[in-house]
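In case you want the letters, here they are:
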Amino acid sequence: MDNSKPSLSVIMPAFNEGPRLKAAYETVSRAVGKAGIDDYEILMTISISPDGTHDGTPDAAANIAKEDVHVKLPYTPGFKGMGYRFREGLLAATKDYVIMVPGANHILEKTLVEIFGHMGKAPLVITYTKNPEVRPSNVQFVSKGFAALCNIIFGLNLRYYNGIALYPRKLLQQVIVADSPAYNAGILIQLLKSGVGYIELPQELNPVSAGVPGRTFAFSNVIASLKTLAMIFWLVQIQRKRVQI
């Protein structure tokens, strides 16, 4: 009987994260060890400002990769959206399961250990935020509204669509991954509407880094996310496209 753990690809996008990138890497490294996962890779996909400036994050990633053979840097220079960076990591991924862990070190180690421990127990491991109060009130409001909107228009019943999620790589290869911050919601909707099973686990956010303002709720990103939902609606509700389970 084979009791070995499935292998894992961790995609770690980062944009001007500075020292938080090293902290996120160390958090993931400890978590995979505690979960007993030996076969893993960390794929860092780094963005810089549109004007070409950065805070040293690309250099930090390069230094980490020099020290750890598990770390790879499969990204093209420039400023790209979160979904683009996830897709870039996915194209380079070689392991059984794939998860995105932000380079901002938003997710606590114990949460990652719990998620990794459920790898292979259900096709999908989806998370909802256990401590949303660590985020600004406007972010909490928009997040709740976004989840409610997705549930209504797609006939689903998820608590949260933008948490980290653990996916079989073979299923991800069948879905459309948008460039916008709503890329994860788009993936989940395509898979759940295809009947893929899942479990929901709580994710606990790092109260230090999770409160740092990001670009997700910039007006341009909100518009891009709504366009993503419209595209996914056409795909799964009108064209009735489904993935092969």
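Predicted model only: the values in this text are computed from it and were never measured.

Parameters and conventions
- Residues numbered from 1 in each chain as written.
- Predicted model: local features only at pLDDT ≥ 70, side-chain atom pairs only at ≥ 80, totals over all residues.
- Heavy atoms only, no water.
- Salt bridge = Lys/Arg side-chain N within 4 Å of Asp/Glu carboxyl O.
- Helix = DSSP H or I, 4+ residues; strand = E, 2+ residues; numbered from the N terminus.
- Buried < 20%, exposed > 50% of the residue type's maximum accessible area, 1.4 Å probe, protein only.
- Pairing = 2+ DSSP bridges.
- Right-handed = clockwise from strand over helix to strand, strands pointing away.

S.K.: Mind showing me how you'd approach the pattern of salt bridges here?
M.R.: Should the charged atoms of two oppositely charged side chains come close, the side chains can pair. Scanning the entire structure with this criterion turns up 9 salt bridges. Of the charged contacts in the structure, one is a salt bridge between E41 and K72, with a shortest N-O distance of 2.9 Å. Here E41 is found in strand 2 (residues 40–47), whereas its partner K72 is found in strand 3 (residues 71–72), with 31 residues between them in sequence. Taking relative accessible area as the criterion, E41 reaches 1% and is therefore assigned buried. On the basis of relative accessibility, which here comes to 37%, the residue K72 falls in the partly exposed class. For E88, the salt bridge is made with R85, and the minimal N-O distance between the two is 2.7 Å.

S.K.: What should I look at first to understand the pairing of strand 2 in this one?
M.R.: For a regular strand, side-chain orientation follows a simple rule: the groups alternate between the two sheet faces. Within strand 2, 8 of the 8 residues are buried, which leaves it mostly tucked inside the rest of the structure. Alternating residues of strand 2 divide into Y40, I42, M44 and I46 and E41, L43, T45 and S47, and every residue in both groups is buried. Inspection of the sheet shows strand 1 (residues 8–15) paired to strand 2 by 8 bridges, in the parallel sense. Within strand 2, the position partnered with M12 by the bridge is M44. In the classification by handedness, the crossover that spans strand 1, the intervening helix 1 (residues 19–34) and the parallel strand 2 is right-handed. The sheet contact formed by strand 2 and strand 3 spans 2 bridges and is parallel.

Honestly, that's just the spatial picture; any functional story needs more than this.
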